[in-house]
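# What the coordinates show
Each chain is listed here by its residues.
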Amino acid sequence: MIGLSMTSYGSRTPEEFEGWLEKVEGLGFGFVELVSEWPNFLTLETWKAYADVLASFQLNVTVHAPFSDVNIGSLNERIRRASLEVLTETLEIASRLGALAVTVHPGHCSPASRKYRADYNRVHHSSLEKLENLSEEFGVKVGVENMPRFPILDAQRPERLAELLKGTSLGVTFDVGHLNTVGGDFEGFLELLGDRILHVHLHDNRGKSDEHLPLGRGTVPWENILPRLRKLPWALEVLSLDDAEESLAFLRSIGEL
């Protein structure tokens, strides 16, 4: 099943959301990824407006949890606790929406966490264990996402993501574009984490930064990777509907649609 992320949605009202969904469904997508970020945060106060619009469509849902200003690896306990409260709310909403999966970002580094690495790893893992419990409580699958090349981001490489998830039953959201920015060890990622993957993000780049280009415009070796991922839900994380159409055409051209 292939879906489209709200990374391609640039508006903020229920009416505009409905218009976007009409186009998404018309393009043949089977689900939408609701990205809970400004100006479209999913909260206990706002989620019903999105749910009411979605009820008019035959589209499944995945959810991308908030990530701006959220850090489950923070050594400031108040920030870490607030981050977990935000994610708890997101998982509750995802459960109400019947979401197929929720994508969350791992914690990220600060000057303090670089200096006190063992403490950072301890609180980070504690947060992931909390997310594991919340996943079971709300009956929603959680995928922790691999991160792109950027100085403060953790879990850029499969070995580090595996280290963080060790001892938990949490899943993985495999972001193919992100991995391409850090050397593209696709075979190693699938060997190490393949059994945990429950959701896939698709977008392209030229190997240096997280560009979110349409598929086929960058250097990701799609014809080698996608056959290994056919049983999983794919979400296109491109930046416009035009980019989504271009990506669908590319997938058809290589026999993946």
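As a reminder, the structure under discussion sits directly above these lines.
Here's a quick rundown of the structure. (Residues numbered from 1 in each chain as written. Predicted model: local features only at pLDDT ≥ 70, side-chain atom pairs only at ≥ 80, totals over all residues. Heavy atoms only, no water.)

## Quick look at the packing of aromatic side chains
Just so we agree on the cut-off: Geometry of aromatic contacts follows a simple scheme: Phe, Tyr and Trp rings, the Trp one being its six-membered ring, pair when their centres are within 6.5 Å, and the pair is stacked under 30 degrees between planes, edge-to-face over 60, tilted otherwise. Secondary structure elements follow DSSP: runs of H or I of four or more residues count as helices, runs of E of two or more count as strands, with numbering from the N terminus. Burial classes follow relative accessibility: with a 1.4 Å probe on protein chains only, a residue under 20% of its type's maximum area counts as buried, one over 50% as exposed, and anything between as partly exposed.
In total, this model carries six aromatic pairs according to the counting rule given. Aromatic side chains F17 and W20 sit 6.1 Å apart centroid to centroid with 20 degrees between the ring planes, which places their arrangement in the stacked category. One end of the pair, F17, and the other, W20, are both in helix α1 (residues 14–26), three residues apart, so they sit about a helical turn from each other. When sorted by exposure, F17 lands in the same class as W20, which is buried. The interplanar angle of 75 degrees and the centroid separation of 5.2 Å between the aromatic rings of F17 and Y50 together place this pair among those described as edge-to-face.

## Overview of the environment of V70
What counts here: Any two residues whose heavy atoms approach within 4.5 Å at even a single point are treated as in contact.
Looking at where V70 falls in the secondary structure, it is placed in the loop between β3 (60–64) and α3 (77–97). Of the residues examined, V70 reaches a relative accessible area of 13% and is grouped as buried. For V70 and L232, which are 162 residues apart along the polypeptide, the C-alpha to C-alpha distance reads 27 Å. Among residues more than four places away in sequence, those in contact with V70 are S83, V86 and H108.

## Side note on helix α10 (residues 241–253)
Our working definition: Take the residue count of a helix, subtract one, and multiply by 1.5 Å to get its expected span.
In a regular helix each residue adds 1.5 Å, so 13 residues correspond to 18 Å; α10 covers 18 Å between its end C-alpha atoms and thus fits that length. The elements touched by buried residues of α10 are β1 (2–5), α1, α9 (222–225) and β8 (234–236). The positive-phi residue at the C-terminal boundary of α10 is G255, with phi of around 80 degrees.

## Some points on the environment of N121
In this fold, N121 is placed in helix α5 (residues 117–138). N121 gets classed as partly exposed once you look at its relative accessible area, which sits at 23%. Measuring from C-alpha to C-alpha, the distance between N121 and L75 comes to 9.8 Å, with 46 residues separating the pair along the chain. Look past the residues within four positions of N121 in its chain and what remains in contact with it is R160 and E163.

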